[in-house]
Number of protein chains: 2
Amino acid sequence: MGARDRKGDREAGDVRAGILVTGNEVVNATIRDENSPWLAEELAGLGIAVDRVLIVPDDAEAIEEGLQHLAARDVEMIITTGGLGPTEDDKTAASVARFAGREMVLDPDMERKIAGILSRYAAARGVEVPKDGLDEANRKQAMVPVGSTPLDPVGTAPGLVVPGPDGVVVVVLPGPPRELRPMWSDAVRTEAVSEVVGRAEELDLLRLRLFGLPESRLAAELRKIQESGADLADLEVTTCLRKGELEVDIRFRPAAAGRANALGDALIEAFPAEVFSTDGTTIDRIVSDLLLGGPYTLSVAESCTAGLLSARISAVPGASRYFMGGAVTYSNDAKESMVGVSPTTLEEFGAVSPETAREMASGIRSSLGTDIGVSITGIAGPDGGSAEKRVGFVCFNVDGGDLGSIELAPTIPGGRNDIRERSALVALHLIRRLLQDSGG
Amino acid sequence: MGARDRKGDREAGDVRAGILVTGNEVVNATIRDENSPWLAEELAGLGIAVDRVLIVPDDAEAIEEGLQHLAARDVEMIITTGGLGPTEDDKTAASVARFAGREMVLDPDMERKIAGILSRYAAARGVEVPKDGLDEANRKQAMVPVGSTPLDPVGTAPGLVVPGPDGVVVVVLPGPPRELRPMWSDAVRTEAVSEVVGRAEELDLLRLRLFGLPESRLAAELRKIQESGADLADLEVTTCLRKGELEVDIRFRPAAAGRANALGDALIEAFPAEVFSTDGTTIDRIVSDLLLGGPYTLSVAESCTAGLLSARISAVPGASRYFMGGAVTYSNDAKESMVGVSPTTLEEFGAVSPETAREMASGIRSSLGTDIGVSITGIAGPDGGSAEKRVGFVCFNVDGGDLGSIELAPTIPGGRNDIRERSALVALHLIRRLLQDSGG
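Cut-offs used in this document
- Residues numbered from 1 in each chain as written.
- Chains lettered and ligands numbered in written order.
- Predicted model: local features only at pLDDT ≥ 70, side-chain atom pairs only at ≥ 80, totals over all residues.
- Heavy atoms only, no water.
- Contact = heavy atoms within 4.5 Å.
- Buried area = accessible area lost by both parts, 1.4 Å probe.
- Salt bridge = Lys/Arg side-chain N within 4 Å of Asp/Glu carboxyl O.
- Buried < 20%, exposed > 50% of the residue type's maximum accessible area, 1.4 Å probe, protein only.
- Helix = DSSP H or I, 4+ residues; strand = E, 2+ residues; numbered from the N terminus.
- Pairing = 2+ DSSP bridges.
- Right-handed = clockwise from strand over helix to strand, strands pointing away.
- Axes fitted to C-alpha atoms, helices over the stretch in contact; angles between N-to-C directions.

1. Thoughts on the interface of chain A and chain B
Thought 1: Opposite the 74 residues of chain A that make contact, chain B presents 71 residues.
Thought 2: Taken over both partners, the interface formed by chain A and chain B buries close to 5900 Å², and the fraction arising from carbon and sulfur atoms is 56%.
Thought 3: Inspection of the region where chain A meets chain B yields five salt bridges.
Thought 4: For Arg 32 of chain A, the salt bridge goes to Glu 34 of chain B, with nearest N and O atoms at 3.2 Å.

Here it is as structure tokens:
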């Protein structure tokens, strides 16, 4: 089936994209491809489905063949990531030009921009600029296919929007996610890409987030709803376990909004305690909004997580308005000197115990004079477990004084990293519970 | 170039594989593909390079076209993952059979095995076995291409080793990683796969890590080395910017070891201060090894990073032997009360200043009685910057008492997250410098 035929077979509004990831270091698994999942979600938000993802090495022939393979699938857009750096093994721009049948020419405007960026970088680091090497490198990066639209660099590599054969639009983006993401926004604003996006019918998304529910119970509930006769035919439902939380995505065309909302309501009714977000808001943002909207201040004392909870709380801009600080009490001495845990408690109950957690939370709360003090102490492993307190045993305490307090001491499954990350997550959910229960 | 030609062009021992990942949920990024990175590492250990990875939806045509695309690249082996379940949307086995030009036949032995597994599963869960449905499902899963070698299921889905056209061997594995991994070991023991593995010559890897060097200067140096006449023809060199560090991978066959080491030495000579690892060891591990090998203890005081450095230090198992804890002094009050920064210093120089950093480091050092105290205070943004102290301005202090001390106050580029992550990284490198300079 030829390109035209296959595109013609699809419904109006059904617009597809292919993603070409380039990089030896991705093919050989030295680094993970973070870009194609991110782009797939961005594209889904614009109503564009990803048709396939191809990961190829830094090899001109492989990149060109990859572009041809994706184009043969009759996608409207191809997005490439990586291979835009100054070194010899960065070959994407030239390969895309050959695929599109376009000459490479020097863009003097881009050359100036890159030169400016490079000398600012060098100046900021106090290093000397080796004139020749830099000139050659930035000239390579300033070469663009004739008729393409350059995208300004976020790092040093410019991106490109290149008109390809048969109306396919090729968006060429750099590999580092912190450069790719803002440049993708720029790409979407170009005429060529916005024309493709305009042809797509946007799917709406209803996203529920749940905490504390096994995936199998959610699956069983979805089956029950379906068997009870609910019409889910034109809803695209995906469930996904993501770092300890369950995410249910319901995608739908505007005409199916009623059925999508009914399904959402049925899940909220089935799991009222577990659904904590119905508009895609993350737990980090929910806790931040609760604290920004109220008068309360927060401090934390961490042992096994050793800063992960503090780092996560303070990752939200504006956290300094309610987050005062914390203690990383990794040693017993630190537990005594920084948050005043009594030696007797440590002796009698151990460093990982509800009693120690209680004194850590009240200790940091009074030491920093905050309304709420939160503590985590646990056994992250791989060593330190016992028959009584296994690896993964973690004690939490949220001490809100008159606001009330919450204690919890679960055994969390997984390896050292899982246990630490999951513990920080559990603590965030406990803070949310205290704030919501107290009307804060 | 035809298949034979291209394979013929490659050196003896250069054996390649392609990976075909199937699944709507992978293409649309609902779940991450954990299998292809894992397989790439397993294959590298056997001396087999991955030529490319293709991710396609659960669509028979897409799978068959994907197999053809990978085969056209003249790989010796194709590994497929996913699409082996009992449901309608599991289409991999039949697509592989069509690609290989082989009929599907019922394997009665496999049918019995699957039936046994399914009834044990059902019994363990206390559910009734819907006789007809199971029969149909297990019959589908017991259909195998003529002449293939079935791999026993770890879950319920059997795998396959299928002889394909032109001598390519197709290994068909299920999607769940906990099923795929043990079944891959079984696949490697089959005659067809072990014959391919036997033809591969293992590549050695020399990995350098550098810190504090712009990628463009590394590129210029590599060009200079090449232009000076060094023979790099049979070395596979990739450079990669990874979270603020540069990684140079030199892959080579045993015969080229001399040239690989000469290139490594040339880079170490060119950048003696920037190369910090010549055997792939991470900075986290280097700092940990230095501390485990010496008598020194460590504590940290963090403001803008708010726990990221503590979390990273404590992520290495065994850190409790040298890491005592730290203070997250997010507010000025916390800087005064937890690490004794004087109000005058805060008033006169500001919370983000080398003076405050100095008092934070010495404060946490004496408060926890450690040999080394480390501090970070900076402006992570998006707000809080000024003309004099821009967003990204971060002050570091490593106070080692008699061991010496290091100060640094760079302006780090990027967004809030980048600045925080990069700051924790810079601090690790400063700790390394102090320990190495002091012979610790």
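So, next bit.
2. Section: the pairing of strand S13 (residues 298–302) of chain A
All names here are of chain A.
Thought 1: Judged by how many residues are buried, S13 sits mostly within the fold: five of five residues are covered.
Thought 2: By the alternation rule, side chains of S13 split into Leu 298, Val 300 and Glu 302 and Ser 299 and Ala 301, which are all buried.
Thought 3: Summarising the sheet, S13 and strand S14 (residues 323–328) pair through five bridges and their orientation is parallel. The partner of Glu 302 across the bridge, within S14, is Val 328.
Thought 4: In this view, the connection linking S13 to its parallel neighbour S14 by way of helix H13 (residues 308–314) has right-handed handedness.
Thought 5: With five bridges joining them, S13 and strand S15 (residues 372–378) adopt parallel strand pairing.

3. Digging into the sheet that holds S13 of chain A
Thought 1: With mixed pairing, the 10 strands of this open sheet are ordered in space as S17(A)-S16(A)-S15(A)-S13(A)-S14(A)-S14(B)-S13(B)-S15(B)-S16(B)-S17(B). With one partner strand each, in any of the chains shown, strand S17 (405–408) of chain A together with strand S17 (405–408) of chain B form the two edges of the open sheet. Neighbour to neighbour, the strand axes of the sheet diverge by 10° on average, direction disregarded.
Thought 2: As paired strands, strand S15 (residues 372–378) of chain B and strand S16 (residues 394–399) of chain B are joined by six bridges and run antiparallel to one another. Directly across from Val 374 of chain B, in S16 of chain B, lies its bridge partner Val 398 of chain B.
Thought 3: Across the sheet, helix H16 (residues 354–368) of chain B lies against strand S13 (298–302), strand S14 (323–328), S15, S16 and S17 of chain B, angled at about 145° from S15 of chain B, the strand it touches most.

4. Examining the sheet that holds strand S10 (residues 236–242) of chain B
Residue and element names in this part refer to chain B.
Thought 1: Read across the open sheet, the four strands follow the order S10-S11-S9-S12; overall the sheet is antiparallel. On the outer flanks of this sheet lie S10 and strand S12 (275–277), each paired with one strand and no other. Adjacent strand axes in the sheet meet at a mean angle of 30° when their direction is disregarded.
Thought 2: Against the sheet, helix H17 (residues 416–437) engages strand S9 (204–211), strand S11 (245–252) and S12, with an angle of about 100° to S9.

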